[in-house]
Amino acid sequence: MKVVQIKCPRCQQPINSKVKDLAFYCSHCRTMHVRDGGVNVIDFDIAEFNPGAQQDRVYMPFWRLFTNFNINQSKSAGGAIYKLGKFLGGGSNSGNVFIYIPAWETNVSEFKHWAIGLTEAQPMYSLRNDFNNIERTPTVVTREEATQMADFVIVTMEAEKPGTLQYLDYSLNVQDTRLVYMPYVRGQNGFAPGL
Amino acid sequence: MASLKCTKCGASVEFDTGDKFVKCSYCSSQIFIDRSGAGFYYALPFAMNENDVVGVFRRWAGGSTRAKDLDKLAQISSVKKQYFPVYLFKRDVNGAEQVFVEPAGSTTLPGLHSLKVPGGDLKVFDDKFDTAGAEMIKPDIEMAPYLSKLPGTAKEQALVYFPIWKIDYVFEQKAYVVVVSATSGEVFSGEFPGRSSGAYMAVAGIGFVAFLVEGLLAIGSPVVAGVLMAATIAAVFIAANYVARRM
Amino acid sequence: MSLSVGLNCPACGGAIKVNEGEHVLNCQYCGSTLWAEGDAGVLTVAYKNMQDRDGVLRATEQWWRKGLKARDLRKKGRLLECYPIYLPFWSTVTRVAGWICGYEERTYQDRDGHSHTERIPKEEMVLNDYNYTNIACDPGDLGIKRLRNIGGEASFADFESIPTFESTTSKDDSVNGSKEKALQDARRDAGVPHVTFEKVTIIPKSISQIYYPVWVVRYSYGERMYMATVDGVTGNVLSGRAPGDPLYQSLAVTGGTSLGGLIAAAGLIVGAGSDDGTIMFGGVIVGLVILGVTYMFFRHGSEIIEGDFEDKKMKNPLKDIGIELGGLRI
């Protein structure tokens, strides 16, 4: 075992973080990296807060997977509206979709709530290039785990349409992964969107 | 307790078998113990004395598949206290830890081929270790050939001595042997004098058929069937009680 | 190669503290964020022993009175030894997320006596964190393989005074075992008899090592030595061996043969009156099952075994009958 100092792979500046976060952010050159079997720089987005949301701001990390998927065959008993098909537009059975996987520590119901919620209602956001000293919730989910969870999100959206899913033949390719920091406002009843 | 030298101040630091990190009591440096290149000697202390294991043997010998009254009739000819060696390897195979246990001593004793390290409080085996008068079985198989054959890279390798009681007994002029692990009391046996299930099965089978027939008979002549059933209940109970106690 | 590797902060040289199982560390002197490369071990907790010798002995005596153990055990049983140990367990959390779809078939009869089979389609989401514990050493004859209780006061205070059993099994084997078990449990929880589609993702979330206090009690009954183990946190008996009683064995087989035989007879009688063969076979099978269960107790009830012991599994009636028939042939 060896202990090394965490330095930004781009500018070699040491990274100082008080919290245990798997995504290391260099505030000097605004680079983010992870250490999943190597030192890897990752793409990330920071979404801009709505100017109305001033208090209790917090950034929540999501792995956003840009996926290409194709439903070859889907059979259901009862029900006729194909949510996924509708979602892709024009009843088409293939296309590209962003899948959002919460990257912080979640229990199973929170996980489903956040993953399905953001994937179904794709957020529109403008970017900013720093965190503006706003608290970041630590990332604990690896890229690999997020990629594995993409299947669950896709099948859930197909299964939760009316009717009982009986068979689904599909292919799913994750083409790009990116850590997206979404703005939220901490309230008494959990988090409210701060977009 | 084994010891190593502190990497910073050179003081002697003691560590126990399971420790991954130790703290130097002088300079409070934390030290990581790298076991990948060294071979360790460990031993498990005896947790059972001779009376305990003879009692465990009698309980085992009184078991349902052992010959009736084996616990009383078996004549114990010798009880020996021994340390038996096995090799324990921890390897990193493609990033995953795997544990391998390989024989270190050749033996024909039962149970010692099952190749496991019995659970116990592993102690570093050095000249301070108290073997409690047990006979040490010498490892007659080398460790080195295993190291070159095993997959992955080394994390740790050790020779583990585990404590056993070897009990020789005679039953109907035939000699048998059992090994009792002195950490948990697990009994290992090869061949042992067995007991037939025949009498048990006969009672259960005959009883079942008798009640089946009497049940069918009850449609035509319920009174006769009822009397027969009562008699069968008594007969089965008496027979079963006799078999359970005596056979 | 040196046995010891000093752990100093690469930035300031200060001594650092590593918590097992954590890759991201902070230097307590200069605040640098540090990364532990390679095997950083696993998070380890120990639970504080909450029981004392007297309580454990009393729990064992109460356990003697429960179940079908020898009636005179409370008189003849003599407590000889009683000591605590720490047993190591791997504790895993495995997240399962997916869907299992398919159908269930239900058969019913209409008024004309025709039977219809209805297919009820099912789609079941499986989304759960499964928690398992698995003993991390060979338990030998302690009869403990997993923990029923996970909890208690985490403390290493008793660690030096209580003998500690070392982990000798691989944590990665335990993680893989948990993945397999989680998939099985998820399928069972979904309860879809005929599966037409299944997509399940299994992710190991965490593994930690738990040292759990267990008391070992040895007692004699006549010349025989028996044992029991008592949970050092809750004080409940976890496992044990105890002498049985021939009276209970005889009563069991008397009850089993009479009840089993009469149920089989009733099945034959009722079944003969109707043209449905299932009643006839059903009655005979129920009767034979009752006979089989009581026979096993009759045959092997001379020792009562509670807990995860190896020899408990072997008591399979078919195997017993197989050995017996094999013996007759020779």
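Small disclaimer: the values here were computed from a predicted structure and weren't measured. (Residues numbered from 1 in each chain as written. Chains lettered and ligands numbered in written order. Predicted model: local features only at pLDDT ≥ 70, side-chain atom pairs only at ≥ 80, totals over all residues. Heavy atoms only, no water.)

*Asks:* Tell me what's going on with the interface of chain C and chain A, and back it up with residues and numbers.
*Replies:* In this assembly, 42 residues from chain C lie in contact with 38 residues from chain A. The junction of chain C with chain A conceals about 3400 Å² of combined surface from both sides, 62% of it contributed by carbon and sulfur atoms. Viewed at the interface, chain A and chain C are joined by 1 salt bridge. Among the ionic pairs, K205 of chain C bridges to E105 of chain A, the shortest N-O distance being 2.8 Å. Counting across the interface, chain C meets chain A through 14 residue pairs in polar contact (both at pLDDT 80 or more). Counting residues per element, the ones that place at least two in the side of chain C that touches chain A are β1 (4-7), β2 (24-26), β3 (33-37), β5 (77-109), β6 (115-135) and β7 (194-221) of chain C. Of the residues belonging to the side of chain C that touches chain A, the class tally is 24 nonpolar, 9 polar and 9 charged. (Contact = heavy atoms within 4.5 Å. Buried area = accessible area lost by both parts, 1.4 Å probe. Salt bridge = Lys/Arg side-chain N within 4 Å of Asp/Glu carboxyl O. Polar contact = N/O pair within 3.5 Å; in protein donor to acceptor, adjacent residues only side chain to side chain. Helix = DSSP H or I, 4+ residues; strand = E, 2+ residues; numbered from the N terminus. Nonpolar A, V, L, I, M, F, W, Y, C, P; charged D, E, K, R; others polar.)

*Asks:* Requested: an account of the packing of aromatic side chains, with residues and values cited.
*Replies:* Residues and elements named next belong to chain A. Counted by the stated rule, this structure contains 40 aromatic pairs over all chains. When the ring of W104 is compared with that of W114, the centres are 5.2 Å apart and the planes differ by 80 degrees; the resulting orientation is edge-to-face. In this pair, W104 sits in the loop between β7 (94-102) and α2 (108-120) while W114 sits in helix α2, placing the two residues 10 residues apart along the sequence. With relative accessibility at 7%, the residue W104 sits in the buried group. The exposure class assigned to W114 is buried, which follows from its relative accessible area of 10%. Here a set of aromatic residues connected by ring pairs shows up, and it is made of Y25, F44, F49, Y59, F131 and Y181. One cation-aromatic arrangement involves R136 over F131; the distance from NZ or CZ to the ring centre is 4.6 Å. (Phe/Tyr/Trp six-rings, centres within 6.5 Å; stacked < 30°, edge-to-face > 60°. Buried < 20%, exposed > 50% of the residue type's maximum accessible area, 1.4 Å probe, protein only. Lys NZ or Arg CZ within 6 Å of the ring centre and 35° of its normal.)

*Asks:* Outline the interface of chain B and chain C, supporting the account with residue identities and numerical values.
*Replies:* At the interface, 75 residues of chain B touch 71 residues of chain C. Both faces considered, chain B and chain C share a buried interface measuring about 6100 Å² in area, 60% of it formed by carbon and sulfur atoms. When the buried area of chain B at its contact with chain C is split by residue, Q30, R59 and F208 of chain B rank highest and sum to 13% of it. Linking chain B with chain C are 4 salt bridges, by the criterion used here. A salt bridge links E303 of chain C to R59 of chain B; the shortest N-O distance between them is 3.4 Å.

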